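Architecture at a glance
Residue strings, one per chain:
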Amino acid sequence: VSIPEYKGIEVDCTVSDDEVQSQLDSFVSQNSTEKKIKKGKCKKGDTVNIDYEGKTDGKAFEGGSASGSAITLGSSGFIDGFDDGVIGMKPGETKDLNLKFPDDYPNNKDLAGKAAVFTVTLNNTPKLTDKLVSEKTEYKTIEEYKKSIVDDLKKEKKDSAGSTAYGQVENKAEVKKYPDSIVNIATSQLDAYYRYTAKQYGFDDFNTFLTQSGMTEDTYNVELKKAAQSVAKTQLLTEAIAEKEGITVTDDEITKEMQKVEEQGGTVDELKKNFKELYGDVISIEKYYKITLLTNKVIDMIGENAKIKE
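The structure reproduced in this document is the subject of the present report.

Parameters at a glance
- Residues numbered from 1 in each chain as written.
- Predicted model: local features only at pLDDT ≥ 70, side-chain atom pairs only at ≥ 80, totals over all residues.
- Heavy atoms only, no water.
- Phe/Tyr/Trp six-rings, centres within 6.5 Å; stacked < 30°, edge-to-face > 60°.
- Helix = DSSP H or I, 4+ residues; strand = E, 2+ residues; numbered from the N terminus.
- Lys NZ or Arg CZ within 6 Å of the ring centre and 35° of its normal.
- Contact = heavy atoms within 4.5 Å.
- Buried < 20%, exposed > 50% of the residue type's maximum accessible area, 1.4 Å probe, protein only.
- Pairing = 2+ DSSP bridges.
- Axes fitted to C-alpha atoms, helices over the stretch in contact; angles between N-to-C directions.
- Parallel < 35°, antiparallel > 145°, perpendicular 65-115°, else oblique.
- Salt bridge = Lys/Arg side-chain N within 4 Å of Asp/Glu carboxyl O.
- Left-handed = near helix turned anticlockwise from the far one by under 90°.
- Nonpolar A, V, L, I, M, F, W, Y, C, P; charged D, E, K, R; others polar.
- Lys, Arg positive; Asp, Glu negative; His and termini not counted.
- Polar contact = N/O pair within 3.5 Å; in protein donor to acceptor, adjacent residues only side chain to side chain.

1. Examining the packing of aromatic side chains
A complete count under the given rule lists 19 aromatic pairs for this structure. Centre to centre, the rings of Y194 and Y220 are 6.2 Å apart; their planes meet at 75°, and the pair counts as edge-to-face. Note that Y194 is positioned in helix α6 (residues 180-200) and Y220 in helix α8 (residues 217-245), a separation of 26 residues in sequence. The ring of F206 is capped by R195, whose NZ or CZ atom sits 4.2 Å from the centre of that ring.

2. Some thoughts on the environment of D96
Among the secondary structure elements, D96 is positioned in strand β4 (residues 94-100). Once residues within four sequence positions are removed from consideration, D96 is found in contact with V117, F118 and T119.

3. Quick notes on the pairing of strand β2 (residues 47-56)
In terms of burial, β2 is a largely internal element, 7 of the 10 residues being buried. In this structure, β2 lies alongside strand β3 (residues 59-72), joined through 8 bridges in antiparallel fashion. Counterpart to Y52 in the pairing with β3 is A66. Between the antiparallel neighbours β2 and β3 lie 2 residues, among them D57 with a positive phi of about 55°. Relative to strand β5 (residues 115-124), β2 is paired through 7 bridges, and the arrangement is antiparallel. Note that in β5 the partner of I50 across the bridge is L122.

4. A closer look at the packing of helix α10 (residues 268-279) against helix α11 (residues 285-304)
Viewed as axis vectors pointing N to C, α10 and α11 meet at an angle of 95°, and their least axial separation amounts to 10 Å. As summarised for this structure, α10 and α11 are arranged roughly perpendicular, according to the angle between their axes. Along its contact with α10, which presents L271, K272 and F275, the element α11 presents I285, E286, Y288 and Y289.

5. Describing the sheet that holds β4
In spatial order, the strands read β3-β2-β5-β4; together these 4 strands make up an open sheet with antiparallel pairing. The open sheet is flanked by β3 and β4, the only strands paired with a single partner. Geometrically, the sheet is characterised by an average inter-axis angle of 20° between neighbouring strands, direction not taken into account. Strands β2 and β3 of the sheet are contacted by helix α1 (residues 17-31), whose axis makes an angle of about 80° with β3.

6. Some thoughts on unusual backbone geometry
For D57, which is not glycine, the phi dihedral falls at a positive 55°. Looking at the secondary structure, you find D57 in the loop between β2 and β3. Take D57: its relative accessible area is 69%, and that puts it in the exposed class.

7. Re the pattern of salt bridges
In this structure the tally under the stated criterion is 15 salt bridges. A salt bridge links K226 to E223, with the nearest nitrogen and oxygen atoms 3.7 Å apart. Highlighted residues: K226 and E223, both in helix α8, separated by 3 residues, approximately one helical turn. Relative accessible area serves as the criterion here: at 41%, E223 is assigned to the partly exposed category. In this structure, E253 and K297 form a salt bridge, with 2.9 Å as the shortest nitrogen-oxygen distance. Residue E253 is located in helix α9 (residues 251-259), and its partner K297 is located in helix α11; the two are separated by 44 residues in the primary sequence. Taking the relative accessible area as the measure of exposure, E253 reaches 29% and is therefore partly exposed. The class for K297 is partly exposed, based on a relative accessible area of 28%.

8. Some details on the packing of α6 against α8
Where α6 contacts α8, the two axes come as close as 8 Å, and the packing angle between them is 125°. Taken as axis vectors, α6 and α8 run oblique relative to one another. As α6 packs across α8, the resulting crossing turns out to be right-handed. For the pair formed by α6 and α8, the contact residues are I182, V183, A186, T187, L190, D191 and Y194 on the first element and Y220, L224, A227, A228, V231, A232, Q235 and L236 on the second. A per-class count over the contact of α6 with α8 returns 12 nonpolar, 2 polar and 1 charged.

9. Thoughts on the side chain of D25
Assignment of secondary structure puts D25 in helix α1. Of the buried charged residues, D25 lacks a salt bridge, with K146 as the closest side chain of opposite charge at 9.9 Å. Polar side-chain contacts of D25 include one of 2.5 Å to the side chain of T72. In this structure, D25 is in contact with T47, A70, I71 and T72, ignoring residues within four places of it in sequence.

What follows is the structure, encoded as structure tokens:
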């Protein structure tokens, strides 16, 4: 595997107005049922609660419908014309919006350039007020609450700076050859996990689970191979950087990591038993934890050397 530059990676930890607004929209939607305005037309800047269904060629398309969605008019992120079409509606009103997806629509190429009809119902127009904030949070005003959101989002981004930077490095890395041994282990490990998940959802027959998930056995195997190669790439890159930096994992560290299960009331023996039932002889639990800990150490190192943009 090629090793791109992994020190000095810039990580953008700035917080956009849209990110803050999204948090505010969720807060209003969850906490303002008793504050909803039942009359009057909505205007730009209002946070509104809507149901909508999008159709192309008379058929609903995936991801085009939702109920009880809170959006802020003028900055919802929907395609052009959506917000403008909702502005002026009254609570309880239903309206068809005749729109068109951009020719370069990135989220779904099948929808690019297509005409669509969105049937929108305006449920209510919740209001964000100082009173609501003081009643539902530890803050007294909207501005204080906004500042707390910004601070929390910045902290989240800084805390995950290592993972973010590592992701950039991994995207640039190129695997020259996938070792069969690593890919085979990853394939078996992932397959065992997916089959276990299917049973947890009540599917004794895995093929029925695949059908319900919109996959055939062939498409599943293709996706399984891609996922296994992704896991293999991470392991190869992690081990290459670790060797270069002299980063290692000791047996004692592995033991201590497994013993953390005792903090949740479990035992190491139970952990090993459950691991064995899930993965069989595909990979030893010690090997699993060694790879995990090594990856975490590499990510932490890259994060410590990242350039944080605030």
